[in-house]
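# Structural overview for review
Residue-level listing of the chains:
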Amino acid sequence: AKAVAYAKKYSCNAGNCRNPAYMSFSSTDCANFVSQALTAGGQTQWGSAYTWRWYYVNSGNRSTSWSVVDWFVRFWVDQSHRATLKSVSMGSAYTAASGGDVYLYDWGKGNGYSHMSMSTGFGKYGSYYDAHAKKNYTQITGGTGDKMAQHSTDRDGAPWNWGYQTETDPKVRKKMRTVIIHMKASG
């Protein structure tokens, strides 16, 4: 619940709502944002005697896994075993994610998994018109489903699969993939 509250507080659809206590990576801030929310939710940082670490002290003293998507996944799933992966269908309104879980995205353009967002529960999407996609969040799956918050392109109350729902190239859309990183309790 605390991770979700943090994600909602420090995400928005317009303007700047990033937490000034952390470094911002501008247009590549997704893993940094998710790491912040997980810390707010009680996940303990690891940073001393481990080859693979996940921590943030300040902008000059942080682990790569804090702010880089593939390193984040390797730490949480492969090294620390503090998370597991769950499959998901890209066209669904609802997923098996719990609030505080992480969505991991492959945009289908040959870069592999390169983006992440935080699940913030389910319900009605925020009413926000995306000028680039020429759609409002409420136009997706009847206006309700699983929601997420993210940075890079900052979003709050958006459909978990916004990128899939707004992709216009059917070849790219067919290659898109998402998995859920289900976070285990800290400890």
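In this report, the structure presented in the accompanying data block is examined.

Quick notes on the rules
Residues numbered from 1 in each chain as written. Predicted model: local features only at pLDDT ≥ 70, side-chain atom pairs only at ≥ 80, totals over all residues. Heavy atoms only, no water. Phe/Tyr/Trp six-rings, centres within 6.5 Å; stacked < 30°, edge-to-face > 60°. Helix = DSSP H or I, 4+ residues; strand = E, 2+ residues; numbered from the N terminus. Buried < 20%, exposed > 50% of the residue type's maximum accessible area, 1.4 Å probe, protein only. Lys NZ or Arg CZ within 6 Å of the ring centre and 35° of its normal. Salt bridge = Lys/Arg side-chain N within 4 Å of Asp/Glu carboxyl O. Arc of directions from axis to C-beta. Contact = heavy atoms within 4.5 Å. Disulfide = S-S within 2.5 Å.

A separate point is the packing of aromatic side chains. Here the structure, examined in full by the defined rule, presents 14 aromatic pairs. Relative to Trp-160, the ring of Tyr-103 has its centre 5.2 Å away and its plane inclined at 25°; by these criteria the two rings are stacked. Residue Tyr-103 is found in strand E4 (residues 102–106), and its partner Trp-160 is found in the loop between strand E9 (155–159) and helix H5 (162–166); the two are separated by 57 residues along the sequence. Of the two residues, Tyr-103 and Trp-160, neither departs from the other in class, the shared state being buried. Counting every residue linked through ring pairs, the aromatic cluster contains Tyr-22, Trp-54, Tyr-56, Trp-66, Phe-72, Phe-75 and Trp-76. The positively charged end of Arg-74 is found above the aromatic ring belonging to Trp-71, 5.1 Å away from the centroid. Above the face of the Tyr-164 ring, Arg-173 is positioned so that its terminal group lies 4.0 Å from the ring centre.

Counted by the stated rule, this structure contains 4 salt bridges. A salt bridge links Asp-130 to Arg-155; the shortest N-O distance between them is 3.1 Å. Of the two residues, Asp-130 is situated in strand E6 (residues 129–130) and Arg-155 in strand E9; the sequence distance between them amounts to 25 residues. Each of Arg-18, Asp-29 and Asp-154 takes part in salt bridges that share partners, so that together they form one network.

Right, let's get into helix H1 (residues 2–9). Within H1, the full set of buried residues consists of Ala-3, Val-4, Tyr-6 and Ala-7. Looking straight down H1, one finds its buried side chains confined to an arc of 160°; they lie on one side. Residues of H1 that are exposed and point more than 90 degrees away from the buried face comprise Lys-2 and Lys-9. Looking at the packing, one finds that the buried side of H1 touches helix H2 (30–40), strand E5 (113–124) and strand E8 (144–150).

Attention now moves to the state of the cysteines. The full count for this structure, using the stated rule, is 1 disulfide. Note that Cys-12 is cross-linked by a disulfide to Cys-17, the S-S spacing being 2.3 Å. Taking the torsion about the sulfur-sulfur bond, which here is approximately -100°, the covalent link between Cys-12 and Cys-17 counts as left-handed. The class of Cys-17 is buried, set by a relative accessible area of 15%.

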